[in-house]
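Each chain is listed here by its residues.
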Number of protein chains: 2
Amino acid sequence: MEKKQKNRPLVIGLAGFGTVGGGLLKVLESNADIIERHTGRSIVVRKVLVHNIRKPRGALPEGAVLTDNPRDLTDDPEIDAVVELIGGIDAAKELIDRALDQGKHIVTANKALLAEAGLPLFQKAFKKKRIMRYEASVAGAIPIVQTLKESLAGNRVQSLMGILNGTSNYILSEMTTNGLDFDVALRQAQSLGYAEADPSLDIDGQDAAHKLVLLIRLAFGVHYPFTALSIRGIRGMDRMDITMAREFGYRVKLIGQARIVGDEKPENGLPRIEAGVFPALVPRRYLLASVGGSYNAIRVEANAAGSLFFHGRGAGDLPTASAVLADLMAVARDERPNNTGFVAQDLPVATVASPEESVSPYYVRVMVADTPGVLRDISGCMAAEGISMAQVIQKSDEGSGVPLVFMTHETSAKAMRSALARVLDLGILKQSAVCFKVLP
Amino acid sequence: MEKKQKNRPLVIGLAGFGTVGGGLLKVLESNADIIERHTGRSIVVRKVLVHNIRKPRGALPEGAVLTDNPRDLTDDPEIDAVVELIGGIDAAKELIDRALDQGKHIVTANKALLAEAGLPLFQKAFKKKRIMRYEASVAGAIPIVQTLKESLAGNRVQSLMGILNGTSNYILSEMTTNGLDFDVALRQAQSLGYAEADPSLDIDGQDAAHKLVLLIRLAFGVHYPFTALSIRGIRGMDRMDITMAREFGYRVKLIGQARIVGDEKPENGLPRIEAGVFPALVPRRYLLASVGGSYNAIRVEANAAGSLFFHGRGAGDLPTASAVLADLMAVARDERPNNTGFVAQDLPVATVASPEESVSPYYVRVMVADTPGVLRDISGCMAAEGISMAQVIQKSDEGSGVPLVFMTHETSAKAMRSALARVLDLGILKQSAVCFKVLP
């Protein structure tokens, strides 16, 4: 009895009662015994903030009330922590900022906010000695934030690479496995609830980019400005390239990648970080190539641990709630605030390596009218930029021209861009060249 | 300057200067800057305990001295934490016990000790309010201890399944990929340093079983007695079964598995846990089937997170050192002692489900003299125990008899044992029947 009095519940205010908010309420109820076994405390929801208080919703936990006024959460002295699941940037930022001012701990799943405008919030959390945790922002149930913050803290991370957007992966998987066209696969993703009515954030790569910026922060201990990131999505992906990639022994995946280039431990300053989101050909033997449907996965290379690979549900009510709950339980255990894993909570700005200098093998497809001399001319354009071909496949005319597909040896993005400009100048292309990086 | 004075180094005594000990010294040196960026402290090795002080070894860190007297570690008032990497049970147990008595924190990679005789040590660590961490004991660099303790703490874990012994996996991979016989693959593993001169712990399943007991403790919050575990290794694995498994679309892997059977949350008491180590046929589409060489992998199913999969180096100097270092950094951050992830550090004993009642599909191979009527007779033995056949392959005579191979639908281990006794009674077997579980 005494013990129960000592361990008072962790009281939370929940902002957002959508998919993840609903999932969190479910898990808080079904796993209440587990939560108490692990932390010695219960987690109690006092208030749930919604936009429209009249909209019919699922049942609230006993004792919780709905409100449409953010101040009811941020300013309630009995609330210990605010869980921000409303998404978007402005309103969420205001909510978190105010909640920090009022001494609340924060748990958020808001990757867009943290990646694009998180810096002042991280700084405020540090100044106010509040916990701000965000495991659910990246890769759903995969505990990659925790892993980078603590388990790999003694490692020099060399690279990380992930499938960070489930919607894109679902579309690419359907195109690969069932031969669907992009538009059909996208509509299917939308009808299953994997993609929003406006799918831009997913298929144009921004969502993956938001997550990548958060991972870079944790892995390399630097602030990588979102606007410095090179981002390319999968919009308009042609089924033909997925088929050709298969013939070469690859799967097309939307990859978020960050790696140290050059000296890992330069005498002066920070190592250079090359980072980007792009569709790439992934060798079939890679575990990343086996990631199907809406799953997420992350591969980390670190100088002591070697290669680590994590795979799990990147979205959905319960998987995301699992990550939110892990953060809440850390708050309940009264962990020391540390939002970066590093001693310095105010991290230096990254030394950004130019995407133009990024080196990779490439996949290129051009559609040409006929082929005598064309392969020679195109090889010539490549050679003029120092690019050598590794493999070539030429297909028969499909009406829209003859597809000529080749893989190159490693070259820079800049050289490839120049070579493709030369190819364009040949005046023989029936449509724009298609070009993807290939993972070595 | 002031800050440096405040953050005095974490001073450690290292017991054991073998592969992992040497790896730890390397990483402590190469990653000293990273360690300090993450914890605000440096980690300093004061003493290294070895068995034979005269044996030539790698260089010691500056200021460290060799000793062959355990008391030099355990009783040195300047040492904050003892890293136990000597392995084995008795001497390691004595060392840790004494170190705890002297108020030291413990980081250990000793799965055998913790699984077979860890209980009093966990209890003492709890009583003395000391940290005892053991990430390196299970699956090398994969942060599965941390994940179960914290990231999945809000989940009801339903099952976990892993490839926990790199040596066995290396042998099976070589048999699968290069068609080697067991003995040849084992000798190859020994010559590469993956297997000990006496490989029993690895190939008979005990090493995987030690790790499984530790995972059960973390995932289900119970003490599962090592002696209650059903253990079968891969010794004497016949190449023919690996080939047949491939024909059915499977890979043979040494699996450690634990799962809740029956009610997940029984009114009275604890859920029943079925656990064992056994070679099994894994469907090729599973990520577990793709785990090659000496890698480890673990799949966890939990009621909120869903299915999670972790893959990484299960052994080796630097990967294991990475896990030891993560634990040391937790000590350096002055984390609250918690050796189980649960509030109760003195966990209840598991309710053990009888391995006899374990239900699974099975793979069975028998060698018979000739086949007319034999398939009927064997099917009859199976049917008498309520077992139905799912697929049958019959091969031509290979000199030692005709292999008759079949996969069954789900049945209990007990029914399969009885059915195989009936088959034996037929008096038609040219050698003992081979029987493996099949993952569904």
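Residues numbered from 1 in each chain as written. Chains lettered and ligands numbered in written order. Predicted model: local features only at pLDDT ≥ 70, side-chain atom pairs only at ≥ 80, totals over all residues.

**Some remarks on the overall build of chain A**
Line of reasoning, step 1. Counting secondary structure elements, chain A contains 16 helices and 19 strands.
Line of reasoning, step 2. A compact globule built from 440 residues would reach a C-alpha radius of gyration of about 22 Å, and chain A, at 24 Å, matches this within 12%.
Line of reasoning, step 3. Considering only C-alpha atoms, chain A reaches an extent of 85 × 55 × 35 Å along its principal axes.
Line of reasoning, step 4. Considering chain A as a whole, with its 440 residues, one finds that 52% of them fall into the buried category. (Helix = DSSP H or I, 4+ residues; strand = E, 2+ residues; numbered from the N terminus. Rg over C-alpha atoms; globule rule 2.2 N^0.38 Å. Buried ≥ 20, exposed ≤ 12 C-beta atoms within 10 Å, placed from the backbone.)

**Looking at the domain arrangement of chain A**
Residue and element names in this part refer to chain A.
Line of reasoning, step 1. If you check the domain split of chain A, you get domain 1 (2-137), domain 2 (144-312) and domain 3 (357-438).
Line of reasoning, step 2. Measuring from the centre of the C-alpha atoms in domain 2 to the corresponding centre in domain 3 gives 25 Å.
Line of reasoning, step 3. For the side of domain 2 that touches domain 3, the secondary structure elements donating two or more residues are α13 (239-248) and β10 (272-283).
Line of reasoning, step 4. A class-by-class count of the residues in the side of domain 2 that touches domain 3 yields 9 nonpolar, no polar and 4 charged. (Domains from an automatic or database assignment. Nonpolar A, V, L, I, M, F, W, Y, C, P; charged D, E, K, R; others polar.)

**Comments concerning the relation of the copies chain B and chain A**
Line of reasoning, step 1. When chain B is fitted to chain A, the residual RMSD is 0.0 Å, and the transformation amounts to a turn of 180 degrees plus an axial shift of 0.0 Å. Considering both components of the superposition, the chain copies are consistent with a two-fold axis. The rotation axis passes nearest to the C-alpha of B:Phe310 in chain B, at a distance of 2.4 Å.
Line of reasoning, step 2. A high fraction, 100%, of the interface residues of chain B reappear at the interface in chain A, so the copies pair face to face through one surface. (Least-squares fit on C-alpha atoms with pLDDT ≥ 70 in both. Contact = placed C-beta atoms within 7 Å.)

**Details of the sheet that holds strand β5 (residues 105-108) of chain A**
What links the strands of a sheet is backbone hydrogen bonding, and the strands pair in either a parallel or an antiparallel sense.
Residue and element names in this part refer to chain A.
Line of reasoning, step 1. Strands sit in the order β3-β2-β1-β4-β5-β6 across an open sheet of 6 strands; the sheet is parallel. The two strands at the open ends of the sheet, each matched to only one other strand, are β3 (65-67) and β6 (132-133).
Line of reasoning, step 2. Of the pairings in the sheet, the one linking strand β1 (residues 10-15) to strand β4 (residues 81-84) comprises 4 bridges and is parallel in character. Of the residues in β4, the one forming a bridge with Leu 14 is Val 83. (Pairing = 2+ DSSP bridges.)

**So, the interface of chain B and chain A**
Line of reasoning, step 1. Across the contact, 43 residues belong to chain B and 43 residues belong to chain A.
Line of reasoning, step 2. Of all the elements in the fold, those that place two or more residues in the side of chain B that touches chain A are α3 (32-39), α8 (144-151), β12 (306-313) and α14 (317-332) of chain B.
Line of reasoning, step 3. Looking at the side of chain B that touches chain A, its residues break down into 22 nonpolar, 17 polar and 4 charged.
Line of reasoning, step 4. Note: strand β12 (residues 306-313) of chain A against β12(B), 3 bridges, orientation antiparallel. The partner of A:His311 across the bridge, within β12(B), is B:Phe309.

**Brief notes about the environment of B:Thr176**
Residue and element names in this part refer to chain B.
Line of reasoning, step 1. Inspection of the secondary structure puts Thr 176 in helix α9 (residues 166-178).
Line of reasoning, step 2. A sequence separation of 69 residues divides Thr 176 from Ala 245, and the C-alpha atoms of the two residues are 9.7 Å apart.
Line of reasoning, step 3. Apart from the residues lying within four places of it in its own chain, the contact partners of Thr 176 are Ile 242 and Arg 251.

**Comments concerning unusual backbone geometry**
Line of reasoning, step 1. Of note, A:Lys129 is a non-glycine position whose phi angle comes to about 55 degrees, a positive value.
Line of reasoning, step 2. Within the element layout of this structure, A:Lys129 appears in the loop between α7 (119-127) and β6.
Line of reasoning, step 3. On the neighbour-count criterion, A:Lys129 (10 C-beta atoms within 10 Å) is exposed.
Line of reasoning, step 4. For B:Asp334, which is not a glycine, the phi torsion comes out positive at approximately 65 degrees.

**Focus: helix α16 (residues 413-425) of chain A**
All names here are of chain A.
Line of reasoning, step 1. If you check α16, its first and last C-alpha atoms are 18 Å apart, about what 13 residues at 1.5 Å a residue would give, namely 18 Å.
Line of reasoning, step 2. For α16, every residue scored as buried is listed here: Ala 413, Ala 415, Met 416, Ala 419, Leu 420 and Val 423. For α16, the angular spread of the buried residues around the axis is 155 degrees, confining them to a single face. Opposite the buried face of α16, by more than 90 degrees, sit the exposed residues Ala 421 and Asp 425.
Line of reasoning, step 3. Those residues of α16 that are buried are in contact with β15 (362-368), α15 (374-384), β18 (411-412) and β19 (429-438).
Line of reasoning, step 4. A positive backbone phi angle near 70 degrees is found at Gly 427, which sits one or two residues after α16. (Expected span 1.5 Å × (residues − 1). Arc of directions from axis to C-beta.)

**Here we look at the environment of A:Leu229**
All names here are of chain A.
Line of reasoning, step 1. When you line up the elements, Leu 229 lands in the loop between α12 (206-220) and β8 (230-231).
Line of reasoning, step 2. With 23 C-beta atoms packed within 10 Å, Leu 229 lands in the buried category.
Line of reasoning, step 3. Distance from Leu 229 to His 210, taken between C-alpha atoms, is 9.5 Å for residues 19 residues apart in sequence.
Line of reasoning, step 4. Setting aside residues up to four positions removed in sequence, Leu 229 forms contacts with Ala 209, Leu 212, Val 213, Ala 275, Gly 276 and Val 277.

**So, the nonpolar core**
Line of reasoning, step 1. By size, the foremost hydrophobic cluster in this structure holds 285 residues, and its most contacted members are A:Leu328 and B:Leu328.
Line of reasoning, step 2. What A:Leu328 contacts, discounting residues up to four positions off in sequence, is A:Leu10, A:Ile12, A:Ile43, A:Ala81, A:Val83 and A:Val107. (Core = buried A, V, L, I, M, F, W, Y, C linked by C-beta atoms within 7 Å.)

**Topic: the packing of helix α15 (residues 374-384) of chain B against helix α16 (residues 413-425) of chain B**
Residues and elements named next belong to chain B.
Line of reasoning, step 1. α16 packs onto α15 with a crossing angle of 145 degrees between their chain directions and a minimal axis gap of 8 Å. At the point where α15 passes α16, the crossing takes the right-handed sense. Only Ala 419, Arg 422 and Val 423 of α16 make contact with α15, whose side of the interface consists of Ile 378, Cys 381, Met 382 and Ala 384.
Line of reasoning, step 2. When its residues are assigned to classes, the contact of α15 with α16 shows 6 nonpolar, no polar and 1 charged. (Axes fitted to C-alpha atoms, helices over the stretch in contact; angles between N-to-C directions. Left-handed = near helix turned anticlockwise from the far one by under 90°.)

**Things to note about the sheet that holds strand β6 (residues 132-133) of chain B**
All names here are of chain B.
Line of reasoning, step 1. Spatially, 6 strands are ordered β3-β2-β1-β4-β5-β6 in an open sheet, and the strand pairing comes out parallel. Edge positions in the sheet fall to β3 (65-67) and β6, since each has one partner strand and no second.
Line of reasoning, step 2. Relative to β3, strand β2 (residues 43-49) is paired through 3 bridges, and the arrangement is parallel. Bridge pairing in β3 places Lys 47 opposite Val 65.

**Thoughts on the pairing of strand β9 (residues 250-261) of chain B**
All names here are of chain B.
Line of reasoning, step 1. Among the 12 residues of β9, 11 are classified as buried, and the element is accordingly described as predominantly covered.
Line of reasoning, step 2. Examined bridge by bridge, strand β7 (residues 157-163) and β9 share 4 bridges and lie antiparallel to one another. Opposite Leu 160, over in β9, you have Ala 258 as the bridge partner.
Line of reasoning, step 3. Bridging between β9 and strand β10 (residues 272-283) involves 12 bridges; their strand directions are antiparallel. Across the sheet, the residue bridging to Arg 251 is Val 282, located in β10.

**As for the packing of helix α5 (residues 90-101) of chain A against α7(A)**
Residues and elements named next belong to chain A.
Line of reasoning, step 1. Following both chains from N to C, one finds α5 and α7 inclined at 15 degrees, their axes separated by 10 Å at the closest point. With respect to their mutual orientation, α5 and α7 come out roughly parallel. Every pair of crossing elements has a handedness; the one defined by α5 and α7 is left-handed. Contacts from Lys 93, Ile 96, Asp 97 and Leu 100 in α5 reach Leu 121, Lys 124 and Ala 125 in α7.
Line of reasoning, step 2. Residues belonging to the contact of α5 with α7 are distributed by class as follows: 4 nonpolar, no polar and 3 charged. (Parallel < 35°, antiparallel > 145°, perpendicular 65-115°, else oblique.)

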